[in-house]
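Residue strings, one per chain:
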Amino acid sequence: GSGGGIKQITARTVDFGASDAILNAEQRAAAPGLQMFPTVAGAVVTVYNVAALKDAPALTLDGPTIANIFLGRITKWNDPAIAALNPGVNLPSQDIVVVHRSDGSGTTFIFTDYLSNVSPDWKSKVGNATSVQWPVGLGGKGNEGVAGTLSQNDGAIGYVELAYAIQNKLSIAKLKNAAGNVVEPSIETTQAAMADFGSQMPDTLARSIVNAPGPNSWPIAGYTYLLMYMDQSDCTKGKKLVEFLRWALTDGSKFATDLKYVPLPDSVRRQVLDKAGQITCNGKPLG
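Residues numbered from 1 in each chain as written. Predicted model: local features only at pLDDT ≥ 70, side-chain atom pairs only at ≥ 80, totals over all residues. Heavy atoms only, no water.

Q: Just checking my understanding: could you explain the packing of aromatic side chains for this structure?
A: The geometry of an aromatic ring pair is captured by two quantities: the separation of the ring centres and the angle between the planes. Here the structure, examined in full by the defined rule, presents 11 aromatic pairs. These aromatic residues form a ring-pair network of at least three members: Phe70, Phe111, Trp122, Trp134 and Tyr159. Lying across the ring of Tyr229, Arg12 places its NZ or CZ 3.7 Å from the centre. (Phe/Tyr/Trp six-rings, centres within 6.5 Å; stacked < 30°, edge-to-face > 60°. Lys NZ or Arg CZ within 6 Å of the ring centre and 35° of its normal.)

Q: Any chance you could explain the layout of surface pockets here in plain terms?
A: One simple way to see leftover space: roll a probe sized like a water molecule over the atoms. Roughly 340 Å³ of internal volume is contained in the largest pocket. Every residue lining the largest pocket is counted, 16 residues in all, and those nearest its centre are Thr39, Val40, Ala248, Ala256 and Leu259. Mapped by element, the contributors of at least two residues to the lining of the largest pocket are β2 (34-49), β10 (221-229), α10 (235-249) and α11 (254-258). Split into classes, the residues belonging to the lining of the largest pocket amount to 12 nonpolar, four polar and no charged. Taken together, Ile9, Arg12, Val14, Asp15, Tyr229, Asp231, Gln232, Ser233, Asp234 and Lys237 make up the lining of the second largest pocket. Residue classes in the lining of the second largest pocket are distributed as three nonpolar, two polar and five charged. (1 Å grid on protein atoms, 1.4 Å probe; cavity = no way out; pocket = protein on both sides within 12 Å on 5 of 7 lines; lining within 4 Å. Points joined across faces, edges and corners; volume = space filled by probe spheres on them. Helix = DSSP H or I, 4+ residues; strand = E, 2+ residues; numbered from the N terminus. Nonpolar A, V, L, I, M, F, W, Y, C, P; charged D, E, K, R; others polar.)

Q: Explanation requested: the pattern of salt bridges in the structure shown.
A: Following the criterion strictly, the structure yields eight salt bridges and no others. Note that Asp15 is salt-bridged to Lys237, the shortest N-O span being 3.4 Å. Of the two residues, Asp15 sits in the loop between α1 (2-10) and β1 (17-19) while Lys237 sits in helix α10, which places them 222 residues apart along the sequence. For Lys237, a relative accessible area of 40% gives the class partly exposed. Between Lys240 and Glu243 there is a salt bridge, with its nearest N and O atoms 3.4 Å apart. With a gap of three residues between them, Lys240 and Glu243 both fall in helix α10, about one helical turn apart. The partly exposed category is assigned to Glu243, whose relative accessible area is 40%. (Salt bridge = Lys/Arg side-chain N within 4 Å of Asp/Glu carboxyl O. Buried < 20%, exposed > 50% of the residue type's maximum accessible area, 1.4 Å probe, protein only.)

Q: Teacher, can you tell me more about the state of the cysteines here?
A: Cysteine pairs can be linked by a disulfide, which is a covalent bond between their two sulfur atoms. Taken as a whole and judged by the stated rule, the model has one disulfide. The partner cysteine of Cys235 in its disulfide is Cys281, sulfur to sulfur 2.1 Å. Disulfide Cys235 to Cys281: torsion about the S-S bond roughly -85 degrees, handedness left-handed. Note that Cys235 is positioned in helix α10 and Cys281 in strand β13 (residues 280-281), a separation of 46 residues in sequence. A relative accessible area of 3% means that Cys281 is categorised as buried. (Disulfide = S-S within 2.5 Å.)

Q: Explanation requested: unusual backbone geometry in the structure shown.
A: Phi is mostly negative for residues that are not glycine, and the peptide bonds are mostly trans. In this structure, Leu205 is a non-glycine residue whose phi angle is positive, near 60 degrees. Within the element layout of this structure, Leu205 appears in the loop between α9 (187-196) and β10. Exposure remark for Leu205: the relative accessible area of 4% places this residue in the buried category.

No statement about biological role is implied by the geometric values presented.
The following block contains the structure:
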């Protein structure tokens, strides 16, 4: 999980970390010179396992409804809020089993960032982090733990990365986005979410792209980042790290779409490559 990636690069036990979560002020202070480099963007999806709905079309949910499910306020699948979003679907009077990540996770960061944007109650009571105090539910370690717990509990709902949901043939909910349109998670709707926030990145190269305003944007999306120090201590290794990052952002980016991730737009990619070109070794340019 991203929590582990951040901890290990801060402790300098690895050469680079990886995280879907944006570093907070405390984490930045603990690791001076640590830089976030966006590599691709991806979608986080709400998945469910309800035997009675196995043959029904994909359910539609919206942000406030998901927040109220994960707050423990909506407890039945035939709740009026879910029924209003799914007219004509025969929803069972069945208990909802909430499943969440138990480890520090960038998927959790993106998911709780979204819930904090769409629900003032979620923002004030639970908030946004790689690990939060969940009001209700069962925990699973990693995407695989969430998927396993979900599959073992009829009536369960959880969240995972889109790539993981597709690989494991999980039922994925459609979502009503900020523009009021019902959208499905895809490379196109994730690209739309990125585009909504423009191409000018802050100096940290870190930006939230949840609850995007566009008509076709998937609302639970985020960048995934490599975490590297701007001044390397091993020049040979530092050079290789920069070469790897450059490859991943250029020729290597063609592999992202096969894995259900979205390459960076050219304008963002240029800013990331510029920053990579500023990495030094013991204060001197890597050359």
